Amino acid sequence: CEVNIAGNGNELDYLRKYTANNKFNNINFLGLISWNDLIPVYNDSDILFLQINTNYESAVPSKIFEYLVIGRPIIACVPDGPAKEILSMFSGVFICKPKNNKQIQSVINRIRNEKLKIDSELNRSIINNKFIREKHKDLLSNSVKKYIS
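Quantities reported herein were computed from a predicted structural model and do not represent experimental measurements.

(A) Focus on the overall build of the chain. Summing up its helical and strand segments, the chain has 7 helices and 5 strands in all. Sequence-distant contacts, at least 24 apart, represent 57% of the contacts inside the chain between residues at least 6 apart. Taken as a whole, the chain presents about 10,400 Å² of accessible surface, with 50% of it coming from carbon and sulfur.

The structure is reproduced here in structure tokens:
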């Protein structure tokens with residue numbers, strides 16, 4: 001199995017050292033990738049992974065929404081907080097505690113052994129109905145106009 005790591009998150013140096021020290025030769029560090037080049041990486045992936053450490057528990061990275069529309073299983077290692085709350089609404093998301101290697105391995109094994117049916121349409125619908133800013137902007141604008149007029 002090949003592991004591709006895209007981006008330059010705050011754990012990158014640690015991951016590079018860990019990979020080198022353990023002589024892993026199936027891990028590729030892709031660095032920062034433009035949006036247009038990132039889509040094929042997502043589409044070619046069997047599993048998408050994201051981690052938010054406990055010192056960033058209030059973070060909700062836009063990557064979450066990118067992953068959700070791809071239709072691949074997502075392993076999300078997130079602390080209690082808004083990201084976990086949001087991710088728990090969607091199909092095909094497996095939530096783990098951050099940096100819990102045993103739990104991550106267990107989820108990987110489950111994904112490999114089960115025939116997963118990820119409802120991408122449901123995911124897109126939830127995103128469209130609950131998380132598209134333009135819709136909420138119009139609702140807020142109309143509400144505010146009532147009180148200004």
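(B) Up close: the layout of surface pockets. Counted as a void, the largest pocket has a volume near 2,200 Å³. Considering each element in turn, the lining of the largest pocket owes the most residues, 6 residues, to helix α5 (residues 101-113). Here the lining of the largest pocket is composed, by residue class, of 29 nonpolar, 13 polar and 8 charged.

(C) Geometry of the pattern of salt bridges. By the definition in use, this model includes 4 salt bridges. Two residues, R110 and E114, come together in a salt bridge whose shortest N-O distance is 3.1 Å. Residue classification places R110 among the partly exposed positions, given a relative accessible area of 42%. According to the relative accessible area criterion, E114 is partly exposed, its value standing at 38%.

(D) Main features of the side chain of N123. Following the sequence through the fold, N123 ends up in helix α6 (residues 120-130). Take N123: its relative accessible area is 1%, and that puts it in the buried class. Polar side-chain contacts of N123 include one of 2.9 Å to the backbone nitrogen of S91. Among all residues touching N123, those that are not within four sequence positions of it are L68, F90, S91 and I118.

(E) Spatial organisation of the side chain of N53. Secondary-structure assignment places N53 in the loop between β3 (48-51) and α3 (63-68). When its relative accessible area of 9% is taken as the criterion, N53 is described as buried. Apart from residues lying up to four places away in sequence, N53 is in contact with N10, E11, P79, P98 and K99.

(F) Examining the sheet that holds strand β4 (residues 74-77) more closely. Taken in spatial order, the 3 strands of this open sheet run β3-β4-β5, and their pairing is parallel. This sheet does not close on itself; its edge strands, each paired only once, are β3 and β5 (93-96). Between one strand axis and the next, the sheet turns through 15 degrees on average, direction left out of account. Both β4 and β5 contribute to a ladder of 4 bridges, which runs parallel. Note on β5: the bridge partner recorded for C77 is C96.

Quick notes on the rules
- In this convention, every chain numbers its residues from 1, walking through the sequence in written order.
- In keeping with the predicted nature of the model, local features appear solely for residues at pLDDT of at least 70, side-chain atom pairs appear and are counted solely at 80 or more, and the whole-chain, interface and lining totals rest on all residues.
- Excluded from the side-chain calculation are hydrogens and water; included are all heavy atoms of the structure.
- Only DSSP runs of H or I reaching four residues or more are called helices, and only runs of E reaching two or more are called strands; each is numbered from the N terminus.
- Residue contacts follow a heavy-atom distance rule, with two residues in contact if any of their heavy atoms lie within 4.5 Å.
- All accessible-area figures derive from a Shrake-Rupley calculation using a 1.4 Å probe, and residue coverage is judged against the displayed protein chains alone.
- Computed over the protein atoms alone on a 1 Å grid, cavities are sets of points where a 1.4 Å probe fits but cannot get out and pockets are open sets with protein on both sides within 12 Å along at least five of seven lines; a residue lines them when it has an atom within 4 Å of a point.
- Grid points are joined across faces, edges and corners, and a volume is the space filled by probe spheres set on the points.
- Gly falls in the polar group here, along with every residue not listed as nonpolar (Ala, Val, Leu, Ile, Met, Phe, Trp, Tyr, Cys, Pro) or charged (Asp, Glu, Lys, Arg).
- Any carboxyl oxygen of Asp or Glu that lies within 4 Å of a side-chain nitrogen of Lys or Arg is treated as forming a salt bridge with it.
- Any residue under 20% of the maximum accessible area for its type is buried, any over 50% is exposed, and the rest in between are partly exposed; the area is computed with a 1.4 Å probe on protein chains only.
- As used in this structure description, the phrase polar contact means that two N or O atoms lie within 3.5 Å; if the pair is within protein, one of them must be able to donate a hydrogen and the other to accept it, and residues adjacent in sequence are counted only when both atoms belong to side chains.
- In short, DSSP must find at least two bridges between two strands for them to pair.
- Note on geometry: axes are lines fitted to C-alpha atoms, helical ones only across the stretch in contact, with angles between N-to-C directions running from 0 to 180 degrees.

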